Amino acid sequence: MKVLVIGTGGREHALALALSRDSQVTEVHAAPGNPGMAKVASLHPVDPLDGAAVADLASRIGADLVVVGPEAPLVAGVADAVREVGIACFGPSAEAAQLEGSKAFAKQIMAAADVPTALARVCETPEQVADALDAFGAPYVVKDDALAAGKGVVVTEDRQVAFDHGVSCDRVVIEEYLDGPEVSLFAITDGSTVLPLQPAQDFKRALDDDEGPNTGGMGAYTPLDWAPEGLVAEVSRRVLVPTVQEMAARGTPFQGLLYAGLALTGRGTRVVEFNARFGDPETQALLSLLKTSLAALLYGAATQKLAEVGLPQWHDGAAVTVVIASEGYPEAPVTGDRIEGVEEADALEGVDVIHAGTKMDEDGNLVTAGGRVLSVTAVGADLQEARERAYAGVGLISIRGAHHRSDIARDVPR
């Protein structure tokens, strides 16, 4: 089949790369794509938020499947526009994408479906923000109700920082803090059948030892040998399936990737957040170990035939992803700096260098174009080998002022 991937980031490069290696895929196209994706896909200029333009492009190239990567186009209704012209699309409708587009809506769905999550208040005034902060106490968890590109959440011991973030947003959700390690569990669904992927863990803080500000993610690894036995079955039963059923009952079936961010607390598993698309950087690690045809899973979800595909199967071993970020990320990323060593790192055994914030300058040089620039992903026989390979790749890449965490998958719970 011909597949068109919409987006420009690391998640989309990882999807395009996996699809390019899939025997069921004859052509991979990407729009607008990035320099890394250009090596595995034909790139097309398009505004990813313009549903009509995306649908027109899909029609012109004869795409059998469109995969919408980022959350903003999903919330904007791009998947709806593609389906309206009769082309299968992996990604929820604009209405269903509100599971990520609005934290308050997600809380409503979880309450209706009896999904375990943090207690929360929706606030729209400074007085409401202050009252909620005092009610829950520190650590304070303040989430912008709207999309914020992975930067709308503040977790802090500083009440003033929490208050300032809360009143800077039109609407915020303030929650109780959930203790315990966090786990990402993705599920592919066609609106009725729900197929979970294996769990992964990402690292949100900018600096080692979980210090510094929240980011879109600085690294990830999978599988999680330390995760409780039966975690996937429990989350499927208590979280994923009830949520999909509740969305269907409301007349807004969820088709696509349902991402459950979980906290394994002392009081049991709780949902931290829902996302309506593949997570970044967990996707890079997960897809590198996926044995089942990715195209079959995505097309099955898009055509309500996911039950025919069966549970995803995985290669043995482990995968680790380390994000290289530009100087100043996440507060004020510097762009335009030369990137060197990518080809050498990509040539290492078991290593894929995934592009996120990159572009070609006027002189044909690869330069930084965003906060998270590259994610070096490696597979190995075990977590240690995967980690060593990933950091070997990182060590070959040079970007002025860039930074990365040195502790991804280092201190794994036992």
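Further up the page is the structure itself.
Reference entry: report on the structure contained in this document. (Residues numbered from 1 in each chain as written. Predicted model: local features only at pLDDT ≥ 70, side-chain atom pairs only at ≥ 80, totals over all residues. Heavy atoms only, no water.)

What follows is about the pattern of salt bridges. Scanning the entire structure with this criterion turns up 25 salt bridges. The residue Arg 400 makes a salt bridge to Asp 337 at a minimum N-O spacing of 3.1 Å. Remark: Asp 337 occurs in the loop between β18 (318–325) and β19 (339–340) and Arg 400 occurs in the segment after β24 (398–399); sequence separation between them is 63 residues. Each of Arg 11, Glu 12, Glu 71, Glu 100 and Arg 277 takes part in one network of salt bridges that share partners. (Salt bridge = Lys/Arg side-chain N within 4 Å of Asp/Glu carboxyl O. Helix = DSSP H or I, 4+ residues; strand = E, 2+ residues; numbered from the N terminus.)

What follows deals with the sheet that holds strand β7 (residues 140–144). The four strands are arranged β6-β9-β7-β8 in an open sheet whose pairing can be described as antiparallel. Among the strands making up the open sheet, the edge pair consists of β6 (120–123) and β8 (153–156). On average, each strand axis in the sheet is inclined to that of its neighbour by 20 degrees, with strand direction left out of account. As defined by bridge partners, β7 adjoins strand β9 (residues 172–175) across four bridges and the pair is classed as antiparallel. Among the inter-strand pairings, Lys 143 is bridged to a residue of β9, identified as Val 173. Against the sheet, helix α6 (residues 103–112) engages β6, β7 and β9, with an angle of about 55 degrees to β9. Running at roughly 15 degrees to β7, helix α8 (residues 159–168) makes contact with β7, β8 and β9 of the sheet. (Pairing = 2+ DSSP bridges. Axes fitted to C-alpha atoms, helices over the stretch in contact; angles between N-to-C directions. Contact = heavy atoms within 4.5 Å.)

The element β7 is extensively covered by neighbouring structure, given that five of its five residues are classed as buried. Across the two faces of β7 the burial is the same, with Tyr 140, Val 142 and Asp 144 and Val 141 and Lys 143 all buried. Both β7 and β8 contribute to a ladder of four bridges, which runs antiparallel. Its bridge partner lying in β8, Lys 143 is registered against Val 153. (Buried < 20%, exposed > 50% of the residue type's maximum accessible area, 1.4 Å probe, protein only.)

Core analysis: the largest hydrophobic core is formed by 72 residues, its most contacted members being Leu 4, Val 66, Leu 99, Leu 240, Phe 274 and Ile 397. For Ile 397, the residues in contact, after removing those within four places along its chain, are Ile 324, Ile 339, Glu 340, Gly 341, Val 342, Ala 345, Val 353, Leu 374 and Val 376. Ala 14, Ala 18, Ala 30 and Leu 290 belong to the second-largest nonpolar core, a separate cluster that totals 38 residues. (Core = buried A, V, L, I, M, F, W, Y, C linked by side-chain atoms within 4.5 Å.)

What follows is about the state of the cysteines. A complete count under the given rule lists zero disulfides for this structure. With no disulfide partner, Cys 123 has as its closest neighbouring cysteine sulfur the one in Cys 169, 11 Å distant. The class for Cys 123 is buried, based on a relative accessible area of 3%. When its relative accessible area of 12% is taken as the criterion, Cys 169 is described as buried. (Disulfide = S-S within 2.5 Å.)

A large share of strand β16 (residues 256–265) lies buried, amounting to ten of its ten residues. Where strand β10 (residues 182–189) and β16 come together, eight bridges link them in antiparallel fashion. In the strand pairing of β16, Ala 187 is matched with Leu 258. Between β16 and strand β17 (residues 268–275), which pair antiparallel one after the other, the connecting turn spans two residues.

Turning our attention to the packing of helix α7 (residues 126–136) against α8. Here α7 crosses α8 at 145 degrees, and the two axes come no closer than 9 Å. Crossing geometry of α7 relative to α8 is assigned as right-handed. Side by side, α7 and α8 meet where Pro 126, Val 129, Ala 130, Leu 133 and Asp 134 of the first sit next to Arg 159, Ala 162, Phe 163, Gly 166 and Val 167 of the second. Residues of the contact of α7 with α8, tallied by class, amount to seven nonpolar, one polar and two charged. (Left-handed = near helix turned anticlockwise from the far one by under 90°. Nonpolar A, V, L, I, M, F, W, Y, C, P; charged D, E, K, R; others polar.)

On their own, these measurements won't tell you what the molecule is for.
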